[in-house]
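One letter stands for each residue in the lines below.
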Amino acid sequence: MAMSERKVRIAQLSCGPDYSGVQKEINEAAASVNADIFYPDLTLRDIKRNYKDFGLDVRSGDLKLAIARAVALVEGAIDADAVFITTCFRCAEAAITRNELRNYIHENSDLPVVSYSFTERTTAGTLLTRMEALTTIARRKALLARQTQVGMTLGVDSGSSTTKAIIMQDNEVIGTGWRPTTDVLQSADEVIELALEEAQVQMSDIEAIGTTGYGRYLIGDKINADLVQEELSVNSKGAVFLADCQTGFSTVIDIGGMDNKAISVLDGIPGTFTMGGICAGASGRFLEMTAKRLGVDITELGPLAMKGMGDSVPMNSYCIVFGTQSLVNALAQGHSKEDVAAAACHSVAEQVFEQQLQEVDIKDPVIMVGGSSLIQGLVRAMGDLLQTEIVVPPYSQYIGAVGAALLSSGYVEQKKESKK
Amino acid sequence: MNVYLKYSIVMREIMAKVFIYPTTSLILSDMVERLGHIPLGSALSVRDTVQQGGVEGIDSPPLNMTPDDAKRGLKWAAVEVPPGVRGRMSLLGPLIAEAEAAIIMDEPLAFGCMGCARTNELATFLLKEADIPVLELNYPQTDDEGFAFVMAIKEFLKGLEGGEQKAGDGNE
Amino acid sequence: MLQDKLKEGIRDGPEYAGTVTKYVFIESNHTTPDDLALHAYELAAPVMIKETCFGLQVTGDPADVEAVIARIREVDPSHIFVKDRGFPPGDARRCRANMGGARPGYFGHEAEAGVLRYVSYGLQRMYHGDSLSPSELEIIHPKERVELSNERLLEIFNRDA
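Note that the structure is predicted; figures quoted are calculated from it, not measured.

> Just checking my understanding: could you explain the pairing of strand β10 (residues 249-255) of chain A for this structure?
On a regular strand, one side chain projects to one face of the sheet and the next to the other, so that they alternate. Residue and element names in this part refer to chain A. Among the seven residues that make up β10, six are buried, leaving the element largely enclosed by the rest of the structure. In terms of strand pairing, β10 meets strand β11 (residues 260-266) through seven bridges, oriented antiparallel. Pairing of Phe-249 across the sheet is with Leu-266, part of β11. Here β10 folds back onto β11 in antiparallel fashion, the turn holding four residues. Bridge count between β10 and strand β13 (residues 366-369): four bridges; the pairing is parallel.

Written out as structure tokens, the structure is:
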């Protein structure tokens, strides 16, 4: 599918990947989304001038070169479709440069930009979704700029734990469907049916369809979707749409069943993001286990945690095995269910905070989405850690489906045009 | 070990191995070699990584450095140090270990192998710690400085143990 | 042996294992890469010589390359500079045409090229047998700054007043 689209030229601004053994991974990830990586060419005089003009004083030559190349891209001296900024993880000088370059390019040009800090373990697989998001933004900038949903559209989000469907009409949600994911296609059929029923419409009334999430290709193929899109762009769009902050900075946090996403967003378009399937102890699954141990439904865990004090329960580990053991011990020692529920929420929030949120610049408003955003105790724990009031928009658990429905409405008018 | 290095040692045992900083410096590499010694620069290490790869077997372009090189760098820098520093140290570390002397120039504007300031700080520290003769110089900015620069290197190299001057030095 | 491989057009990879490549830079208005190449060919050594905008690249077995470099240096000792190169010439992994931009080392050369003329001047005088004048010596060993005592400072003030 990607092959029929034009090749995207991605300018690489970097320090260190060729010395960390990850340049091949970057090239491979780009190639798999039909993009080419290249290094903007400059003269030494341009390097010196551009670096001086930019004004950020760094000592590393390769960072100076990255800065000079960024200036050349913004000034239009060099043509590119997109920019990939990448530097070593754990380098402060590089992190400052990376963030400043990203903001600078975003604020002064139309170039989509994604930044990433790598370790020697970074693989093409890790980079793939980022490259896909980057090329999507380059190819479909007009589509992603959409802020209003028109006509009647369907969005399906096939996640690892749950499948969601949303039907929207004239910028409003009119139907929802939610089911645990069993068989990818069957679960999709079920949620679509639920959403159609709630909206009291027929499949033939739907004017455009978008799919996202883990099973997006399979489902997109079957229901003939107009838009099949990775979840980073879609969730960012859905989140800022629902939270009503489509312009300016925001941060989207999605603690999922299998992987967590933290996305730094500007004008509804993802910039830096982390995606991690680091550990089950930092996922919604940990909270499901806790609910089971406490003998409550997952929907009751949040209100329970809101009544408890997390700090009174000693947690010796973030691990889903040992951490759960700590919770069981705490119950045996007479701690209340409320305190244990709060401690579990705090544990998940803290691990996400420590392992993932350090890599993205957190800017208000912070929007929590996905099923876990309905667990108030988790939202409160995250807000405490980030020292901010977290926004949980309506339909937050349907974020991907809403984003897909919104974005696919770009095809409604296009289809009407082509029918004429 | 690097092919050229091996060859040089066999052929002329009296020469000293002199680490050059910037490790990519044309001027220093030339001066050391011209005055009869062996310049240890990053090109020697890069040559090793490049020649290890086959036509199809480039693990990581363009330098053919692999994640294993970054892990090898753990010998010189801890795991908390960025991978690019450790990867570069896997190139420079063995050269520093082998160096019998070093010439260090200040504030170079250099990229690539010399593109990371943290690696450069670590490398120059290790050189100063290595208990070998070190000559520190500024880049010449005038003719007079150019002459002083050349003579300082000449005196320094002459003073190295086992160092002898090769033809081309002095009055010809 | 190497030349056979070169004739076959094999440019990268293990075929180059065991060879060295040296950059030869010329900082002169009188000598051209072409002149140097002629001198190098006179030796008929089994090396590959590639002319570039700044001079030459010489690739081959270490002993052959060294012999050729020694011959080239004789042409203009003060204006010819040599250094090792990690990549074989024309290597696709390092080629500007494939990467969109120059290899980072190129800029380093460009930066150093700006001061080569001072080094050339120094080399000329070294080959001429000059020794350093006291003021030039000071460039290498700057005199330590002498701190003035308060009494001496007052003395100077009073004298100048």
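> Please clarify how helix α7 (residues 143-158) of chain B should be interpreted in this entry.
The periodicity of an α-helix, 3.6 residues per turn, causes residues three or four places apart in sequence to face the same way. When the terminal C-alpha atoms of α7(B) are compared, their 23 Å separation across 16 residues agrees well with the 22 Å that a helix rising 1.5 Å per residue should span. Listed as buried for α7(B) are B:Gly146, B:Phe147, B:Ala148, B:Phe149, B:Val150, B:Met151, B:Ala152, B:Ile153, B:Lys154, B:Phe156 and B:Leu157.

> How should the packing of helix α12 (residues 322-332) of chain A against helix α13 (residues 337-355) of chain A be read in this particular structure?
When two helices pack together, their arrangement is given by the angle between the helix axes and the distance between those axes. Residue and element names in this part refer to chain A. α13 packs onto α12 with a crossing angle of 160° between their chain directions and a minimal axis gap of 10 Å. Considering the angle they form, α12 stands roughly antiparallel to α13. Note on packing geometry: the crossing formed by α12 with α13 is right-handed. Between α12, through Leu-327, Ala-330 and Leu-331, and α13, the contact on the second element is made entirely by Lys-337, Val-340, Ala-343 and Ala-344. Residue composition of the contact of α12 with α13, grouped by class: six nonpolar, no polar and one charged.

> Got a minute to help me understand the interface of chain B and chain C in this structure?
Where interface size is quoted, it is often the accessible area lost as the parts come together. If you look at the interface, chain B gives 50 residues, while chain C gives 56 residues. When chain B packs against chain C, close to 4,600 Å² is buried across both sides, 64% of that on carbon and sulfur atoms. Sorting the residues of chain B by area buried against chain C places B:Leu26, B:Arg34 and B:Phe147 first, and these three jointly supply 17% of that buried surface. There are four salt bridges connecting chain B and chain C. With a closest N to O distance of 2.9 Å, C:Asp84 and B:Arg47 form a salt bridge. The tally of links between chain B and chain C comes to 17 residue pairs in polar contact (both at pLDDT 80 or more). The set of elements that each furnish at least two residues to the side of chain B that touches chain C consists of α1 (3-11), α2 (26-34), α3 (42-52) and α7 of chain B. A per-element tally of the side of chain B that touches chain C places α7(B) first, with eleven residues.

> Whenever I open this one, empty space enclosed by the protein confuses me. Can you help?
In this approach, a probe sized like a water molecule rolls over the atoms, and the result shows the empty space that is left. All told, the structure shown has seven cavities of 30 Å³ or more when counted by the stated rule. Forming the walls of the largest cavity are 20 residues, and the residues nearest its centre are B:Thr24, B:Cys113, C:Lys83, C:Arg103 and C:Gly105. Where the lining of the largest cavity is concerned, the elements lending two or more residues are α3 of chain B together with β4 (80-85) and α5 (104-113) of chain C. Tallied by class, residues from the lining of the largest cavity come to nine nonpolar, six polar and five charged.

Definitions and cut-offs
- Residues numbered from 1 in each chain as written.
- Chains lettered and ligands numbered in written order.
- Predicted model: local features only at pLDDT ≥ 70, side-chain atom pairs only at ≥ 80, totals over all residues.
- Heavy atoms only, no water.
- Buried < 20%, exposed > 50% of the residue type's maximum accessible area, 1.4 Å probe, protein only.
- Helix = DSSP H or I, 4+ residues; strand = E, 2+ residues; numbered from the N terminus.
- Pairing = 2+ DSSP bridges.
- Expected span 1.5 Å × (residues − 1).
- Axes fitted to C-alpha atoms, helices over the stretch in contact; angles between N-to-C directions.
- Parallel < 35°, antiparallel > 145°, perpendicular 65-115°, else oblique.
- Left-handed = near helix turned anticlockwise from the far one by under 90°.
- Contact = heavy atoms within 4.5 Å.
- Nonpolar A, V, L, I, M, F, W, Y, C, P; charged D, E, K, R; others polar.
- Buried area = accessible area lost by both parts, 1.4 Å probe.
- Salt bridge = Lys/Arg side-chain N within 4 Å of Asp/Glu carboxyl O.
- Polar contact = N/O pair within 3.5 Å; in protein donor to acceptor, adjacent residues only side chain to side chain.
- 1 Å grid on protein atoms, 1.4 Å probe; cavity = no way out; pocket = protein on both sides within 12 Å on 5 of 7 lines; lining within 4 Å.
- Points joined across faces, edges and corners; volume = space filled by probe spheres on them.

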